[in-house]
Amino acid sequence: MSSISLTAGIVGRGVSFEFDCADGEVVAVLGPNGAGKSTLLSVIAGLIRPDTGRVLLGDDVVTDTSSGTFVPAHARGVASLTQNALLFPHLSVEANVAFGPRSRGLRKRAAHERARQWLESVDAIELADRKPGELSGGQAQRVAIARALAADPRVLLLDEPMSALDVDTAPAVRRLLRRVLRDQRRTAVVVTHDLLDALALADTVVVVESGRVVERGPTTEVLTAPRSAFAARIAGVNLVSGTMDGADSLTTSWGLTVSGLGGTDTGGSSVAIFAPAAVAVHLEPPHASPRNVFPVTIASMDVHGATVRLRADQHPDGSPGIAADVTPAAVAELDLEPGLAGFFVVKSQEVALHSATR
C-alpha cells in the first residue's frame with residue numbers, strides 16, 4: 001500500500017495539516033505563496049519533523065511525535081521531483097538514473113538495465129550517454145522523472161515540476177507525467193500554481209491557505225464550483241462568501257445580499273460563484289431586475305485574451321474583489337480607468353449558490 005495519512009502541526013511555521021491520499025491517487029495541492037504547500041511535502045518526505053503529529057505511508061508509521069518515531073528521509077521510499085532536475089553533473093544520464101536502484105542494493109548490471117528501461121519509457125534513451133550539462137531543460141526533466149521512478153518509490157512528490165520549463169517544453173513533460181502516473185497507478189502529490197497541471201494530472205485537488213487545508217474535492221468539482229478564494233481565483237471565477245438567508249440568496253458579512261440558484265440550508269456558510277464574463281459594468285445603478293448590483297471601485301485593468309479584465313477593490317472582509325470581462329469598446333465608451341467608481345451587475349440566473357464546505 002502506498003497511501004498517505006498525515007496530521008502535523010508546526011508552531012514556528014503556523015501550520016496544522018490534516019491530509020490523506022489514497023493508494024494510486026494523484027492529489028494536486030494548490031494555494032498562495034507562503035501557504036505551507038512545500039512544508040506539507042517536506043513533512044511527508046521526512047525533511048521536516050513536526051512538533052506534533054503522525055504520518056503513515058501505507059500501513060507503516062514513519063512519523064509519530066507521541067512515540068518518538070521518525071524514519072529518515074532516505075528510508076521512507078519517497079521520491080521528490082522539483083522544478084530543478086538536480087542531476088549529478090559528473091555522471092552520465094544512465095548512471096544518474098541507475099543511482100537510485102544501486103543505492104537500494106541492486107547489482108550494477110541490473111540497475112543499469114532498469115535505468116535504460118525507464119529512459120525508454122520517458123522517451124530519453126538516446127540521451128543515456130550524455131552528461132547533464134549537455135541537456136536542455138525539458139530533456140533534463142525527463143531524465144529526472146526516470147531517475148525518480150527507477151528507485152520504485154512508494155510515493156512521488158512533485159514540487160512545481162513544470163515551472164522552470166518554457167511554454168513549448170512544459171506541455172510535453174506534462175503529458176509524459178500524466179501517462180506515467182496513470183499507467184503505473186502511482187501515488188503522487190503535486191504542488192502547483194498551474195491550473196493545467198491540476199487538470200491534466202490530478203484526481204483530487206486540495207487547497208491550502210495559511211497552513212490549513214481549506215478545501216478538498218474531485219478536480220473537476222473544485223475547479224468548476226470552488227469553495228475557497230484561491231481556488232476561485234485559479235479557476236477564473238468570482239466567489240463571494242456569506243450566510244444563506246433564504247432558498248435563493250446569501251448575505252455577506254458586510255450586509256450585501258446576493259441572489260442566485262441552487263441555494264443550501266438557511267443559516268449555513270455558503271458561496272456565490274459566477275463568471276467574469278457574466279458581469280456587466282454600469283456607471284449608474286440599473287433598475288431592471290432580477291439582478292445583483294455591486295457598488296465597486298475599479299482597482300486594476302488588464303488585457304485578458306480578447307477582453308479587458310476589470311478587478312474591483314477588495315471586499316470589506318479582505319477577500320478578492322469581483323472581476324468583470326468587458327470589450328475594449330466598452331472600456332472606451334464608458335471611459336473606464338482604475339479609481340473610477342461604478343457598479344458591477346450580474347443576473348441572478350448567472351449566479352450559483354453552494355455550501356462553503358464539501
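Everything below is about the structure printed above this text.
The rules we used
- Residues numbered from 1 in each chain as written.
- Predicted model: local features only at pLDDT ≥ 70, side-chain atom pairs only at ≥ 80, totals over all residues.
- Heavy atoms only, no water.
- Helix = DSSP H or I, 4+ residues; strand = E, 2+ residues; numbered from the N terminus.
- Buried < 20%, exposed > 50% of the residue type's maximum accessible area, 1.4 Å probe, protein only.
- Contact = heavy atoms within 4.5 Å.
- Pairing = 2+ DSSP bridges.
- Axes fitted to C-alpha atoms, helices over the stretch in contact; angles between N-to-C directions.
- Phe/Tyr/Trp six-rings, centres within 6.5 Å; stacked < 30°, edge-to-face > 60°.
- Lys NZ or Arg CZ within 6 Å of the ring centre and 35° of its normal.
- 1 Å grid on protein atoms, 1.4 Å probe; cavity = no way out; pocket = protein on both sides within 12 Å on 5 of 7 lines; lining within 4 Å.
- Points joined across faces, edges and corners; volume = space filled by probe spheres on them.

A. Spatial organisation of the overall build of the protein. Looking only at helices and strands, the protein has nine helices and 21 strands in total. For the protein, the spread of C-alpha atoms along the three principal axes comes to 80 × 50 × 35 Å. Buried positions account for 48% of the 358 residues belonging to the protein. Sequence-distant contacts, at least 24 apart, represent 64% of the contacts inside the protein between residues at least 6 apart.

B. Up close: the sheet that holds strand β20 (residues 341-347). Pairing in this open sheet of five strands is antiparallel, and the strands run β16-β20-β17-β18-β19 from one edge to the other. With partners counted over all chains shown, the strands left at the sheet margins are β16 (280-282) and β19 (323-326), one partner each. If you compare each strand with its neighbour and ignore which way they point, the axes differ by 45° on average. One ladder, built from six bridges, connects strand β17 (residues 291-304) with strand β18 (residues 307-312); its direction is antiparallel. Paired with D302 across the strands is R309, a residue of β18.

C. Here's a closer look at the packing of aromatic side chains. Within this structure, the stated rule accounts for two aromatic pairs. Summarising the aromatic geometry, the rings of F88 and F99 are spaced 4.8 Å apart at their centres and angled 65° between planes, so their arrangement reads as edge-to-face. Placement of F88 in the loop between β7 (78-82) and α2 (93-103) and of F99 in helix α2 is noted, with a sequence separation of 11 residues between them. Classification of F88 by relative accessible area gives partly exposed; the value is 28%. In this structure F99 comes out as partly exposed when scored by relative accessible area, which is 40%. Here R49 stacks its cationic end above the ring of F70, 4.0 Å away from the centre of that ring. Looking at R147, its charged tip hangs above the ring of F88, at a distance of 5.5 Å from the centre.

D. Spotlight on the side chain of S3. Inspection of the secondary structure puts S3 in the segment before β1 (4-10). Excluding residues that lie within four positions of it along the chain, S3 makes contacts with C21, A22, D23, L56, L57 and G58.

E. Inspection of the environment of L283 at higher detail. In this structure, L283 sits in the loop between β16 and β17. For L283, a relative accessible area of 36% gives the class partly exposed. Residues L283 and G342, spaced 59 residues apart in sequence, show a C-alpha to C-alpha distance of 4.6 Å. Leave out the neighbours within four places in its chain, and L283 touches L334, L336, L340, A341 and F343.

F. Here's a closer look at the layout of surface pockets. Put simply, the largest pocket is a space of about 620 Å³. In this structure, the largest pocket is lined by 21 residues; those nearest its centre are V78, A79, S80, G100 and A151. At the level of elements, β7, α2 and α4 (137-150) are the ones that each hand at least two residues to the lining of the largest pocket. Per-element tally for the lining of the largest pocket: the top contributor is β7, with five residues.

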